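Remarks on the overall topology
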Amino acid sequence: DHGRRNKVRIKKGDVRESLIEQLKEKGADVACFSDLIEDYMKLWSIKNKLVTDINKRGVVYEDVSSVGIPMKKNNPSVKEIVNVNRQMLSILEKLGISTEKCVASGDDDGDL
């Protein structure tokens, strides 16, 4: 099992709820920001489809030219995922959500 990685499957609903919770904690859960969360979630779905495509076809894949010659092509999903990630980060920035400003759900008093 050395080749297997433990993957945690993150659910779309959990991501959405997490973002909504961050806005609530800031007192900023208003329509215009909620709409930005929906935009973020659309990009989240697109990003996951791009990841699936890259996992399936690879970064470079073989194709056949119009004259029937085998050739290697760069997977356009690699370039697109960079753009999608950039836009997702921009939305988080506009919402004021970062690791430094994140409020953990179920926050306790820190006693162990």
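Look a little higher up for the structure.
Keep in mind the model is a prediction, meaning the values are calculated, not measured.

Helix packing geometry: the angle between the two helix axes and the distance between the axes. One way to put it is that helix α1 (residues 12-26) packs onto helix α2 (residues 31-57) with a least axis distance of 10 Å and a crossing angle of 150°. One element, α1, and the other, α2, form an angle in the roughly antiparallel class. Regarding α1 and α2, the two cross each other, and that crossing is right-handed. Mapping the contact onto sequence places Lys12, Val15, Arg16, Leu19, Ile20 and Leu23 in α1 and Phe33, Ser34, Ile37, Glu38, Tyr40, Met41, Trp44 and Ser45 in α2. A breakdown of the residues in the contact of α1 with α2 according to their chemical character gives nine nonpolar, two polar and three charged.

Okay, the layout of surface pockets next. Size it by volume and the largest pocket reaches roughly 710 Å³. Contributing to the lining of the largest pocket are 23 residues, with Val8, Ile10, Trp44, Lys47 and Asn48 lying nearest its centre. Those elements that place two or more of their residues in the lining of the largest pocket are α1 and α2.

Strand β2 (residues 70-74) sits mainly on the outside: zero of its five residues count as buried. Relative to β2, strand β1 (residues 60-64) runs antiparallel, the two being bridged by five bridges. Bridge pairing in β2 places Val60 opposite Asn74. Two successive antiparallel strands, β1 and β2, enclose a turn made up of five residues, where Gly68 displays a positive phi of approximately 85°.

On the secondary structure map, Asn75 appears in the loop between β2 and α3 (76-95). Judged by its relative accessible area of 3%, Asn75 falls in the buried class. A distance of 3.1 Å separates a polar atom in the side chain of Asn75 from a polar atom in the side chain of Asp53. A polar atom in the side chain of Asn75 sits 2.9 Å from the backbone nitrogen of Ser77. Residue contacts for Asn75: discarding those within four places in its chain leaves Asp53, Ile54, Arg57, Gly58, Val59, Val60 and Tyr61.

Here we come to α3. Over its 20 residues, α3 runs 29 Å from end to end, which matches the ideal 28 Å to within 8%, given 1.5 Å per residue. Taken residue by residue, α3 has Ser77, Ile81, Val84, Met88, Ile91, Leu92 and Leu95 as its buried positions. Viewed along the axis of α3, the buried residues span an arc of 95°, placing them on a single side of the element. Those residues of α3 that are exposed and angled more than 90 degrees off the buried face are Lys79, Arg86, Leu89, Glu93 and Lys94. Structurally, α3 contributes buried residues whose contacts are with α1 and α2. One side-chain oxygen at the N-terminal end of α3 lies 2.9 Å from the backbone nitrogen of Ser77; it belongs to Asn75. Just downstream of α3, Gly96 is the residue with a positive phi angle, here 70°.

About the criteria used
Numbering of residues starts from 1 in every chain and runs along the sequence as written. Restriction of local features to residues with pLDDT of at least 70 applies here, the model being predicted, together with a cutoff of 80 or more for giving and counting side-chain atom pairs; totals for whole chains, interfaces and linings are based on all residues. Only hydrogens and water are set aside; all other atoms, that is, all heavy atoms of the structure, feed into the side-chain values. Interaxial angle, 0 to 180 degrees, is taken between N-to-C directions of lines fitted to C-alpha atoms, where a helix line uses only the stretch in contact. Under the scheme used here, helices are H or I runs from DSSP no shorter than 4 residues and strands are E runs no shorter than 2 residues, and both carry numbers assigned from the N terminus. Oblique is the label for every angle not falling under 35 degrees (roughly parallel), over 145 degrees (roughly antiparallel), or within 65 to 115 degrees (roughly perpendicular). Helix crossings are classified by the rotation of the near helix relative to the far one: an anticlockwise turn of less than a right angle makes the crossing left-handed, while a clockwise turn makes it right-handed. By definition, residues are in contact when any of their heavy atoms lie within 4.5 Å. For this classification, Asp, Glu, Lys and Arg are treated as charged, while Ala, Val, Leu, Ile, Met, Phe, Trp, Tyr, Cys and Pro are nonpolar and the rest, including Gly, are polar. Throughout, the protein atoms alone are placed on a 1 Å grid, and a set of points is a cavity if a 1.4 Å probe fits but cannot get out or a pocket if it is open with protein on both sides within 12 Å along at least five of seven lines; lining residues have an atom within 4 Å of a point. Grid points are joined across faces, edges and corners, and a volume is the space filled by probe spheres set on the points. Relative accessibility thresholds used throughout: buried, under 20% of the residue-type maximum; exposed, over 50%; partly exposed, between the two (1.4 Å probe, protein chains only). Pairs of strands are assigned from DSSP output, requiring at least two bridges between the strands. Any N or O atom pair separated by 3.5 Å or less is treated as a polar contact, with the protein-specific requirement of one donor-capable and one acceptor-capable atom, and with residues adjacent in sequence counted only for side-chain atom pairs. The length a helix should cover is 1.5 Å for every residue beyond the first. The arc in question is traced by the directions running from the helix axis to the C-beta atoms.

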